[in-house]
Amino acid sequence: MRWQIGRRSTNVEDRRGMNISAPVVGGGVGAALISLLVFLLGGDPSALWQQDSPPSDSPIAESPQTTGSQAQDRMADFVSVVLADTEDTWSDLFRQDGKTYVEPKLVLYSGAVESACGFARSAVGPFYCPRDRKVYIDLSFYRDLKTRYQAPGDFAQAYVIAHEIGHHVQNLLGISQQVQALQNRVNQTQANQLSVRLELQADCFAGVWANHAQRSRQILETGDIEEALNAASSIGDDRLQKQARGYAVPESFTHGSSAQRVRWFKQGIQTGEPEQCNTFASTKS
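What you see is a predicted model; the values in this text were computed from it and never measured. Throughout, residues of each chain are indexed from 1 in the direction in which the sequence is written. With the structure being a predicted model, the display of local features is reserved for residues of pLDDT at least 70 and the display and counting of side-chain atom pairs for 80 or more, all residues being used for whole-chain, interface and lining totals. Think of the side-chain values as coming from all heavy atoms in the structure, minus any hydrogens and water.

**Considering the overall build of the protein**
Secondary structure elements are taken from DSSP: a helix is a run of H or I of four residues or more, a strand is a run of E of two residues or more, and numbering for both begins at the N terminus. Counting its secondary structure elements, the protein contains nine helices and eight strands. Expressed as a percentage of its 285 residues, the buried residues of the protein come to 53%. A sequence separation of at least 24 residues applies to 77% of the contacts in the protein between residues at least 6 apart. Accessible area of the protein: about 12800 Å², with a carbon and sulfur share of 49%. Note on exposure labels: buried denotes an accessible area under 20% of the residue type's maximum, exposed denotes more than 50%, and partly exposed covers the range between, all computed with a 1.4 Å probe on protein chains only. Contacts between residues were defined by any pair of non-hydrogen atoms, one from each residue, lying within 4.5 Å. Working definition of accessibility: Shrake-Rupley area with a 1.4 Å probe, residue cover restricted to the visible protein chains.

**Considerations on the sheet that holds strand E4 (residues 105-109)**
Across a sheet, paired strands are connected by hydrogen bonds in the backbone, their directions being either parallel or antiparallel. Should DSSP find at least two bridges between two strands, the strands are taken to pair. Taking strand neighbours across the sheet as the criterion, the four strands line up as E1-E4-E8-E7 in an open arrangement whose pairing is mixed. Since the sheet does not close on itself, it has two edges, and those belong to strand E1 (12-14) and strand E7 (127-129), each with one partner. Strand-to-strand twist across the sheet, computed as the mean angle between neighbouring axes with direction ignored, equals 25°. Both E7 and strand E8 (residues 134-138) contribute to a ladder of three bridges, which runs antiparallel. Bridging from a neighbouring strand, Phe127 pairs with Tyr136 of E8. To obtain an axis, a line is fitted to C-alpha atoms, over the contacting stretch when the element is a helix, and the angle between two such axes runs from 0 to 180 degrees between their N-to-C directions.

**A few points about the nonpolar core**
Met1, Trp90, Tyr142, Phe155, Trp209 and Phe265 are the most contacted members of the largest nonpolar core, which totals 52 residues. Elements that contribute at least two residues to this core include exactly helix H2 (70-96), E4, E8, helix H3 (140-147), helix H4 (154-173), helix H6 (188-217), helix H7 (224-234) and helix H9 (258-271). With 10 residues, H2 is the single largest residue contributor to this core. Setting aside residues up to four positions removed in sequence, Phe265 forms contacts with Phe155, Tyr159, Asp203, Cys204, Ala206, Gly207, Ala210, Ala228 and Leu229. By nonpolar core is meant a set of buried Ala, Val, Leu, Ile, Met, Phe, Trp, Tyr and Cys residues that side-chain atoms within 4.5 Å join together. Counting nine residues, the second largest nonpolar core, distinct from the first, contains Tyr109, Phe127, Cys129 and Tyr136.

**Looking at the packing of helix H5 (residues 175-183) against H6**
Between H5 and H6, the least distance of the axes is 9 Å, while the angle of their chain directions is 165°. The orientation of H5 with respect to H6, classified from their angle, is roughly antiparallel. Between H5 and H6 the crossing geometry is right-handed. Residues Ile175, Ser176, Val179, Leu182 and Gln183 of H5 form the contact with H6, whose own contacting residues are Ala191, Leu194, Ser195, Leu198 and Gln201. We call Asp, Glu, Lys and Arg charged. Ala, Val, Leu, Ile, Met, Phe, Trp, Tyr, Cys and Pro are nonpolar, and the rest, Gly among them, are polar. Its residues placed into classes, the contact of H5 with H6 shows six nonpolar, four polar and no charged. Note on angle classes: values under 35 degrees are labelled roughly parallel, values over 145 roughly antiparallel, values of 65 to 115 roughly perpendicular, and the remainder oblique. Two helices that cross are described as forming a left-handed crossing if the nearer one is turned anticlockwise from the farther one by less than a right angle, and a right-handed crossing if clockwise.

**With respect to the pattern of salt bridges**
Salt bridge, as used here: a side-chain nitrogen of Lys or Arg that lies within 4 Å of a carboxyl oxygen of Asp or Glu. If you walk through the whole model with that rule in mind, you get 10 salt bridges. A salt bridge links Glu13 to Arg15; its shortest N-O distance comes to 3.2 Å. A relative accessible area of 23% places Glu13 in the partly exposed class. Asp97 serves as the salt-bridge partner of Lys99, at 2.6 Å between the closest nitrogen and oxygen.

**Quick notes on the layout of surface pockets**
Within this model, the second largest pocket holds a volume of roughly 390 Å³. Around the second largest pocket, the lining comprises 20 residues; the ones closest to its centre are Leu173, Ile175, Phe205, Pro274 and Glu275. Those elements that place two or more of their residues in the lining of the second largest pocket are H2, H4, H5 and H6. A per-class count over the lining of the second largest pocket returns 13 nonpolar, four polar and three charged. Lining residues are defined by having an atom within 4 Å of a point belonging to a cavity or pocket. Those points lie on a 1 Å grid over the protein atoms alone, cavities being sets where a 1.4 Å probe fits but cannot get out and pockets being open sets with protein on both sides within 12 Å along at least five of seven lines. Grid points are joined across faces, edges and corners, and a volume is the space filled by probe spheres set on the points.

**Digging into the environment of Leu108**
Assignment of secondary structure puts Leu108 in strand E4. Each residue touching Leu108, except ones within four places of it in the same chain, is listed here: Val12, Glu13, Asp14, Arg15, Arg16, Ala76, Val79, Ile137 and Leu139.

**Digging into the packing of aromatic side chains**
Any two of the Phe, Tyr and Trp rings considered here, Trp counted by its six-membered ring, make a pair once their centres fall within 6.5 Å; the pair's planes then place it as stacked at under 30 degrees, edge-to-face at over 60, or tilted in between. Considering all chains together, one arrives at seven aromatic pairs under this definition. Relative to Phe94, the ring of Trp90 has its centre 6.4 Å away and its plane inclined at 85°; by these criteria the two rings are edge-to-face. Of the two residues, Trp90 and Phe94 both sit in helix H2, four residues apart, roughly one turn of that helix. When the centroid spacing of 5.2 Å and the interplanar angle of 65° are considered together, the rings of Phe94 and Tyr101 count as edge-to-face. Three or more aromatic residues link up through ring pairs in this structure, and these residues are Trp90, Phe94, Tyr101 and Phe205.

Take a look at the structure:
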């Protein structure tokens, strides 16, 4: 991916190395399985969040970390460039539709973080908090994406950010709020299905960004698309559940299967049209 010459976003907050107190989540095998299941792109952090402040006698203090390593600095620079590129793409698309794109903030953190949605540990993976309109990323996720999920490559890493920005777009358009209202009126299985549709649309929006970034700025190199598709496949609910428990339970899916995530990312990158990302109206999986 040709990213080095791109502009850098001014909307990055670097909180790495900050000391915070995070709530304790039960340890052992159960916690490990929970962490694995929510370790998705745009994963649902609520399983490991606590809205209230943690008890004073049971905090886990995050130890200060050195953020000046060359690899970490390079990755932070990369994130800033990709964020800027999404800003350019979605600002143009919103303007064409007579709307104004409100740029989100992106927070870099290490270990644990406090957002407007509550406390979250890095095990939840990258996430978007609609309450403060911020994307949160612990850069160690990219190491796990490469080693644990066998999805290496800078464009795979860019897809992670673009997916979370997709959730921001949904928030600005009121889609997230509509889905939440519907979820409050249906049973758990139906609510999960709505969550899947929301996540697949964010995948499609990530593809829309890639389409426009390539047409406008020629960012792609040979193999980049394959990297993103591999990443989308690697974090499908079916694949993660099979890794965790040996089998998949489709009724419990909240993000979509590997095949679904790949299909909708392809839809976005092939069409470049947000209106082609209506996963809620589509009869296809």
